[in-house]
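What the coordinates show
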Amino acid sequence: MARVLIVGAGLTGSLCAALIRKELPRPVHLAVWDEAGDSGGRMTTARSPCNPQSTVDLGAQYITCTPHYAKQHQSFYVDLLALGILKPLTSPIEGMMMKEGDCNFVAPQGVSSIIKHYLDESGADVYFRHCVTQINLRNDKWEVSKDKGPPELFDIVVLTMPVPQILQLQGDVANLISKCQRQQLESVSYSSRYALGLFYEAGTKIDVPWAGQYITSNPCIRFISIDNKKRNIGCVLVFLITPESSEIGPSLVVHTTVPFGVSHLEHSTEAVQELIFQHLEGILPGLPRPVATICQKWRHSQVTNAAVNSHGQLTLHLKPFLVCGGDAFTQSNFDGCITSARCVLEALKNHV
């Protein structure tokens, strides 16, 4: 049975795993490695250190589906809606740009529930804190090394991490990438920003008429969302195994502007967090101090320039097979990741 490694447990990686399991003509052993401590990538849902029932989406906030992709990717949307993983966005988002025919969706259990669904569907062995450092050729297989533990051999490798991380890989892979391929990869660029998640005590009231708001007049803050209100889940009672009950307080997420993110990229997260707090106080005066916070640096936030002439994927080597996928080869949204995962699958079918 062929051993397939997918590097990256974000949306493209999880979709690739699910599609390979479902549509590849012969069975394979699937493994997914990610350097983070959980799945999600840029669709991460973080938990409060004080109450794991309290969550906040630190990356993608909602999914916008155009009429074109509503048809092209209909089966994906139908499945996620039928399972309750996606629901229509009904809460007000001030300043959101809407085009005729577009539909917006949220994930009630957090946006990372989409990734967990596809990983579950794939049946893959998923390993976290596995940071790939080298890829070498060994007897028509790929020997993949990580920062800890021994290297492992795979017949097929699919790389879905941000392109700068692909370009940093050591070993034979660095020499196998052709000049043309390297130029394609180097043509990719990303925006950078910070996300700050804030968790509040049960009973805290954040009295605003919106669930999310785009900010246009602040040099630091671009978007604010009352996350539980956006997902329309309220501050519900959760009944624990014990007879006691625990109420979940509200959670809030702040996304910075890209210029702020770029100019503070190498600053300490503590210093950046305090700056965001200061600006937030100016926008929402009187906001209580949270009981817990999580500050996330998105060095590779959204793709601003996709790889030229990549057609959804970039095959780096045929025998053994090595391919890159992700929004860097399409467009930086949910449908871009679906398109790329489908292109990776077709490339696999054609060459395996």
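Bear in mind that the values here come from a model prediction, so they are computed numbers and not experimental data.

**Quick word on the overall build of the chain**
What the chain contains, in helices and strands, is 11 helices and 24 strands. The C-alpha atoms of the chain give 21 Å as radius of gyration, which agrees with the globular expectation for 352 residues (20 Å, within 12%). Expressed as a percentage of its 352 residues, the buried residues of the chain come to 52%. Within the chain, residue pairs in contact and separated by at least 24 positions form 73% of the contacts whose partners lie at least 6 positions apart. Put simply, the chain has 29 plus and 31 minus side-chain charges, and the middle of one group is 4 Å from the middle of the other.

**Here we look at the pattern of salt bridges**
Tallied over the entire structure, the rule returns 13 salt bridges. Linking Asp 38 and Lys 116 is a salt bridge whose minimum nitrogen-to-oxygen distance equals 3.2 Å. On the criterion of sequence distance, the pair formed by Asp 38 in the loop between β2 (28-34) and β3 (45-47) and Lys 116 in helix α4 (residues 112-122) is long-range, its members being 78 residues apart. Lys 116 gets classed as partly exposed once you look at its relative accessible area, which sits at 30%.

**Here's the deal with the confidence of the model for the chain**
For the chain, per-residue confidence averages 94 on the pLDDT scale, and residues scoring 70 or more make up 96% of the total. In the predicted structure, residues 236-245 sits below a pLDDT of 50 and forms 12 contacts with residues beyond four places in sequence or in another chain.

**Remarks on the packing of aromatic side chains**
Evaluated as defined, the whole model comprises four aromatic pairs. A centroid spacing of 4.7 Å and a plane angle of 50° characterise the contact between Tyr 214 and Phe 223, whose relative ring orientation is tilted. By relative accessible area, which is 4% here, Phe 223 ends up buried. An aromatic cluster is built from Tyr 77, Phe 105 and Phe 334, whose rings are joined through pairwise contacts.

**Some points on empty space enclosed by the protein**
Under the defined criterion, the tally for this structure stands at one cavity of 30 Å³ or more. By volume, the largest cavity amounts to about 40 Å³. Every residue lining the largest cavity is listed: Arg 42, Thr 160, Met 161, Pro 162, Val 163, Tyr 190, Gly 325, Gly 326, Asp 327, Ala 328 and Phe 329. By residue class, the composition of the lining of the largest cavity is six nonpolar, three polar and two charged.

**Remarks on the nonpolar core**
Of all hydrophobic cores here, the largest spans 43 residues; its most connected members are Leu 11, Ile 20, Ile 114 and Phe 334. Leave out the neighbours within four places in its chain, and Ile 20 touches Val 4, Ile 6, Val 28, Leu 30, Leu 345 and Leu 348. Formed by 28 residues, the second largest nonpolar core is a distinct cluster that contains Met 161, Val 188, Leu 314 and Cys 324.

**Description of the state of the cysteines**
Tallied over the entire structure, the rule returns zero disulfides. Of the cysteine sulfurs around Cys 16, a residue in no disulfide, the closest is that of Cys 337, at 9.3 Å. Classification of Cys 16 as buried rests on a relative accessible area of 1%. With no disulfide partner, Cys 324 has as its closest neighbouring cysteine sulfur the one in Cys 16, 11 Å distant.

**Structural notes on the sheet that holds strand β5 (residues 63-65)**
Overall, antiparallel pairing links the three strands, which are arranged β5-β8-β6 in an open sheet. Edge strands, defined here as strands with exactly one partner in the open sheet, are β5 and β6 (87-88). Relative to strand β8 (residues 103-106), β5 runs antiparallel, the two sharing three bridges. Opposite Thr 64, over in β8, you have Asn 104 as the bridge partner. Lying on the sheet, helix α3 (residues 74-82) is in contact with β5, β6 and β8; it crosses β5 at an angle near 135°.

**Looking at helix α10 (residues 269-283)**
The first and last C-alpha atoms of α10 sit 21 Å apart over 15 residues, in line with the 21 Å expected at 1.5 Å per residue. Every buried residue of α10 is listed here: Val 272, Gln 273, Ile 276, Phe 277 and Leu 280. Buried residues of α10, seen end-on, are gathered within an arc of 145° and therefore sit on one face of the element. Facing away from the buried side of α10, by more than 90 degrees, are the exposed residues Gln 278 and Gly 282. The secondary structure elements touched by the buried residues of α10 are β15 (193-199), β17 (221-226), β20 (251-256), α9 (258-263) and β21 (292-298).

The rules we used
Sequence order as written defines residue numbering, which begins from 1 separately in each chain. Where totals are concerned, whole chains, interfaces and linings use all residues; where local detail is concerned, this predicted model gives features only for residues with pLDDT of at least 70, and gives and counts side-chain atom pairs only at 80 or more. Only hydrogens and water are removed before side-chain values are computed, so all heavy atoms of the structure are retained for them. Helix numbers and strand numbers start at the N terminus; a helix is a DSSP run of H or I with at least 4 residues, a strand a run of E with at least 2. Every radius of gyration here is taken over C-alpha atoms, with the globule rule written as 2.2 Å times N^0.38, N being the number of residues. Here the term buried applies to any residue with accessible area under 20% of the maximum for its type, exposed to any over 50%, and partly exposed to those in between, with areas from a 1.4 Å probe on protein chains only. The contact rule is simple, with two residues in contact once any of their heavy atoms fall within 4.5 Å. Just so you know, the count uses Lys and Arg for positive and Asp and Glu for negative, and it drops His and the chain ends. Think of each charge as sitting on NZ of Lys, CZ of Arg, CG of Asp or CD of Glu. By salt bridge we mean one thing: a side-chain nitrogen of Lys or Arg within 4 Å of a carboxyl oxygen of Asp or Glu. The quantity called pLDDT is the predictor's confidence in a given residue, expressed from 0 to 100. Pairs were defined over the aromatic rings of Phe, Tyr and Trp, the Trp ring being its six-membered one, requiring ring centres within 6.5 Å. Orientation was assigned from the angle between planes: stacked under 30 degrees, edge-to-face over 60, tilted for the rest. Grid spacing is 1 Å over the protein atoms alone, the probe is 1.4 Å, and a cavity is where that probe fits but cannot get out, while a pocket is an open set with protein on both sides within 12 Å along at least five of seven lines and lining residues have an atom within 4 Å of a point. Grid points are joined across faces, edges and corners, and a volume is the space filled by probe spheres set on the points. Gly is placed with the polar residues, together with every amino acid not listed as nonpolar (Ala, Val, Leu, Ile, Met, Phe, Trp, Tyr, Cys and Pro) or charged (Asp, Glu, Lys and Arg). Among buried residues, the Ala, Val, Leu, Ile, Met, Phe, Trp, Tyr and Cys ones that are joined through side-chain atoms within 4.5 Å form a nonpolar core. Here, the term disulfide refers to a pair of cysteine sulfur atoms separated by no more than 2.5 Å. Paired strands are those between which DSSP finds at least two bridges. Here, axes are lines fitted to C-alpha atoms. For helices the fit covers the stretch in contact, and angles between N-to-C directions go from 0 to 180 degrees. Here, expected helix span is obtained from the residue count minus one, scaled by 1.5 Å. Along the arc lie the directions from the helix axis toward the C-beta atoms.

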